Each structure stands twice: as structure tokens, then as C-alpha cells.
Amino acid sequence: METTQIPHESVFAGTSLRRFAPAAVIAASVAMLAGAFYFQYVMGLAPCPLCIWQRWAYAPPILIGLAGILLPQHARPLVLLAGLAFLAGAGIAGFHTGVELGWWQGLAECSGTTGGATSLEDLRKQLMAAPLVRCDEVPWSFIGISMAGWNMIAQVGFAAACLWAARRMP
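Residues numbered from 1 in each chain as written. Predicted model: local features only at pLDDT ≥ 70, side-chain atom pairs only at ≥ 80, totals over all residues. Heavy atoms only, no water.

**Quick word on the confidence of the model for the chain**
Here is step 1 of the chain: Overall, the predicted model of the chain reaches an average pLDDT of 85, with 82% of residues at or above 70.
Here is step 2 of the chain: Least confident of the elements in the chain is helix α5 (residues 108-111), whose mean pLDDT is 68; most confident is helix α3 (residues 59-70), at 96.
Here is step 3 of the chain: Counting interchain partners and residues more than four positions distant, the pLDDT-below-50 stretch residues 6-14 has 13 contacts. (pLDDT = per-residue confidence, 0-100. Helix = DSSP H or I, 4+ residues; strand = E, 2+ residues; numbered from the N terminus. Contact = heavy atoms within 4.5 Å.)

This is the structure in C-alpha cells:
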């Protein structure tokens, strides 16, 4: 009995990749945001200002991924653009990691500084309005790497995956 194989297109081949890659960009971004919200609302780890910046860095890849789904003929440049957006997010996460490690100083919003207070009342108001979570403190880590560090690693990986996908698209 002779069997014939039905030709099929691999998910990682040309046109399928045009549909898969933008969806993967969205899925990766949404998964990372879900993880951040899990740590905040389930684990009780409030985000610092730089943590919030890192969350916002996932908005451009989500929008670019949506554009790639709606405009599959432009998926290749859009996936490349998503890769650049992930690299920008990795830069924010890398900056945050450097602040946590004491390599450089964070933003004024991260330290709760009292810059400009001219009276005890001004100082009190600034302290009461200051964020409760400092950017230079590590509330959670795994194998010595903070959440910001893991986010940087993930975003570099996502950027590399976007580059790989874009190179394989026709």
C-alpha cells in the first residue's frame, strides 16, 4: 500500500511566518504584562516608576503586532520594527537593572528625594506624594537576577526572535 504525503507548510516557513510572527509578538508582550500584573496583584509586589516604564514598553510591540496581522503583506518590516521596540524595552529594563545594582543613579521619581523643599510643610507634602517603592531596591529575584534583569533578558530574546523571523520571511 502506497502512502502519499500531503504537502503542508511549516509554521516557520514564509507565508505562515507572516501570520505567526505578528501574533507571537502580541502573545509574548501580553504574557509579560500578565506576569507583571500577577506579581503586583497576586504576589503583592508594588511596581516602582521604572517598572511602570517597562510595562509601557510592551505597548508598541502589541500595536505593531496588530498592524502585522491586519497588513500581512508588510509583516516583515513590521516584525523588524517590533524587534527594535523590544530592544528599546530592553534598554529601559537594563537601565533599571543598573539602578538596582548601584551602577548609576535612578530618576528623581525613584528615590523620593526632597528637591526644592523650602519649608517643613513643603517637605512633608513631597514625602507624602513620593512613591512608596524605590527603583534601587530589588523586591524579588531568581538565581540572583531581578525582575528587571529577567525582563531585559526576555526582551533581548524577543528582539532576536523578531530578527530571525523577519530574515526567514519572503
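Next comes the rest of the description.
**Here's the deal with the environment of Arg134**
Here is step 1 of the chain: Note on placement: Arg134 falls in the loop between α6 (120-129) and β1 (141-142).
Here is step 2 of the chain: Along the primary structure Arg134 and Gly106 are separated by 28 residues, whereas in three dimensions their C-alpha atoms are 9.2 Å apart.

**A look at the nonpolar core**
Here is step 1 of the chain: Counting residues in each nonpolar core, the largest one holds 18 residues, and the members touching the most others are Ala21, Val79, Phe86, Cys162 and Met169.
Here is step 2 of the chain: Counting residues per element, this core draws most heavily on helix α4 (residues 75-100), which supplies 6 residues.
Here is step 3 of the chain: Ignoring sequence-local partners within four residues, the contact set of Phe86 consists of Val25, Ser29, Tyr58, Pro61, Gln155, Phe158, Ala159 and Cys162.
Here is step 4 of the chain: Grouped together as the second largest cluster of nonpolar side chains are 5 residues, Leu50, Val99, Cys110 and Cys135 included. (Core = buried A, V, L, I, M, F, W, Y, C linked by side-chain atoms within 4.5 Å. Buried < 20%, exposed > 50% of the residue type's maximum accessible area, 1.4 Å probe, protein only.)

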